[in-house]
Amino acid sequence: MHGLILAGGLGSRLAADGVVEPKALVRIGGRPQLARLCDTLEVLGCSTITCLVREGVSAATAVGSSPGRRVLSCATPSSLHTLVLGLEAVPPGPVFCSMVDTVMPWESWQAVWSGWIRASADGVPAMVAVAPRSPREEAPLWVKLDGACRVTHIGAGAAPATWCTAGVYGIAPPARRLAAVAAAEGVSRMRGFLARLVRAGLEILAIPVARALDLDRRADLDEANAWAPAEVP
C-alpha cells in the first residue's frame, strides 16, 4: 500500500484568519501537520509516502529523510489535478490518500486503514472515510450510504445526509485510471472526481469514523490542538 498526501492548496482561509504558516506546516501538538501525517501513514504500514506540496513551501525538513518518503512540488489548479499528478508519481497498486488538513484520532486512522486493506484485497476499487459534519464546515461534501456502507450518492444529490467526507481515500487501480479521465473531461476538484466514480458505477466503500477535522480556519487549528496527540502511538 502506497501513501499519498495532497498539500497543493493555498490555505487562503487560514491565511485570512491570520495564520502565517502554510497549511502543510501548521503545528498540531507542536509538530508540523505534514510530519504528523507522514508518521501516521508510515506507522499504519504504507511502504512509500509521496507528498504533493504547493510550490514555494519548504517541506523537506518536516517530511524527514526516511528513504520511503519524498516531496514533489506542484502548482496545480485544483485538488483533482494534484491527485492526478500524485498518482502518476506513486508506484503501481492501491493507494491510501489523505488531504494534508485532515486530523483524526489514532483509532479512527486505524479503522480506516484496516478497512481499506481488507477492501482493496477483495477488489474494491475505492474507499472514502466519512464523519459527521463539523459545525464549522462551510461546504460539506455529503455522502449517502446503503446498508452495506457502500456509497450511493455523493455531492448535491446526497444532501442532506448523515455523513460527510473526512478527507481520507482509498484508490485502487480502476479508480486510479479514472482520475486522469475525469481531469481530461474538465472535472476540477476532488469532490467532482468522487462524484464521477459514482456515475461510473464503481463500488465505493465508506468507512465511518466518529470524529474528523478539516483545518480550514484558526478555530479548527485550535480545536485540533486541544485534543489531537502530538505523536503517533
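Summary of the structure given here.

Calculation criteria
Residues numbered from 1 in each chain as written. Predicted model: local features only at pLDDT ≥ 70, side-chain atom pairs only at ≥ 80, totals over all residues. Heavy atoms only, no water. Disulfide = S-S within 2.5 Å. Buried < 20%, exposed > 50% of the residue type's maximum accessible area, 1.4 Å probe, protein only. Axes fitted to C-alpha atoms, helices over the stretch in contact; angles between N-to-C directions. Helix = DSSP H or I, 4+ residues; strand = E, 2+ residues; numbered from the N terminus. Parallel < 35°, antiparallel > 145°, perpendicular 65-115°, else oblique. Left-handed = near helix turned anticlockwise from the far one by under 90°. Contact = heavy atoms within 4.5 Å. Nonpolar A, V, L, I, M, F, W, Y, C, P; charged D, E, K, R; others polar. 1 Å grid on protein atoms, 1.4 Å probe; cavity = no way out; pocket = protein on both sides within 12 Å on 5 of 7 lines; lining within 4 Å. Points joined across faces, edges and corners; volume = space filled by probe spheres on them. Expected span 1.5 Å × (residues − 1). Salt bridge = Lys/Arg side-chain N within 4 Å of Asp/Glu carboxyl O. Pairing = 2+ DSSP bridges.

Linking two cysteines covalently via their sulfur atoms produces the bond known as a disulfide. Inspection of the entire model under this criterion finds zero disulfides. Lacking any disulfide linkage, C38 is separated from the closest cysteine sulfur, that of C51, by 3.6 Å. Judged by relative accessible area, C38 falls into the buried class, the value being 0%. Free cysteine: C97, not disulfide-bonded; nearest cysteine sulfur from C46 at 10 Å. Judged by relative accessible area, C97 falls into the buried class, the value being 0%.

Running from amino to carboxyl end, helix α2 (residues 33-44) crosses helix α5 (residues 106-121) at an angle of 50 degrees, the nearest separation of the two axes being 11 Å. Viewed along their axes, α2 and α5 adopt a mutual orientation that is oblique. Crossing of α2 over α5 shows right-handed handedness. Residue-level inspection shows L37, T40, L41, V43 and L44 of α2 in contact with α5, the latter providing W106, W109, Q110 and W113. Class assignment for the residues of the contact of α2 with α5 results in seven nonpolar, two polar and no charged.

A separate point is empty space enclosed by the protein. This structure, assessed with the given rule, holds three cavities of 30 Å³ or more. Space inside the largest cavity adds up to approximately 110 Å³. Looking at the largest cavity, it is lined by 14 residues, and the ones nearest its centre are R36, T40, M104, W109 and V232. Listed by contribution, the elements that provide at least two residues to the lining of the largest cavity are α2, β7 (102-103) and α5. In terms of residue count, the dominant contributor to the lining of the largest cavity is α2 (four residues). For the lining of the largest cavity, the residue count by class is nine nonpolar, three polar and two charged. Estimated volume of the second largest cavity: approximately 70 Å³. R13, S134, R136, E137, E138, D214, D216, R217 and D220 are the residues that line the second largest cavity. The class makeup of the residues in the lining of the second largest cavity is no nonpolar, one polar and eight charged.

Moving on, we come to α5. Its 16 residues give α5 an end-to-end C-alpha distance of 23 Å, which sits within 8% of 22 Å, the value for a rise of 1.5 Å per residue. Taken as a whole, α5 has its buried residues at W106, S108, W109, V112, W113, G115, W116, A119 and S120. Contacts made by the buried residues of α5 are with α2, β6 (95-99), β7, β8 (126-131), β11 (163-171) and β12 (204-208). Count one or two residues on from α5 and you reach G123, which has phi positive near 90 degrees.

For the rest of this paragraph, the subject is the pattern of salt bridges. Within the structure shown, the criterion is met by ten salt bridges. The residue D101 makes a salt bridge to K23 at a minimum N-O spacing of 2.9 Å. Residue D101 is found in the loop between β6 and β7, and its partner K23 is found in the loop between α1 (12-16) and β2 (27-28); the two are separated by 78 residues along the sequence. In this structure, D101 and K23 share a single accessibility class: buried. If you follow the salt bridges from partner to partner, you end up with R13, K23, D101 and D216 in one network.

On to the pairing of strand β1 (residues 2-7), then. Burial within β1 is extensive, with six of its six residues counted as buried. Alternating residues of β1 divide into H2, L4 and L6 and G3, I5 and A7, and every residue in both groups is buried. Sheet analysis places β1 next to strand β4 (residues 48-54), joined by six bridges and oriented parallel. Pairing of H2 across the sheet is with T48, part of β4.

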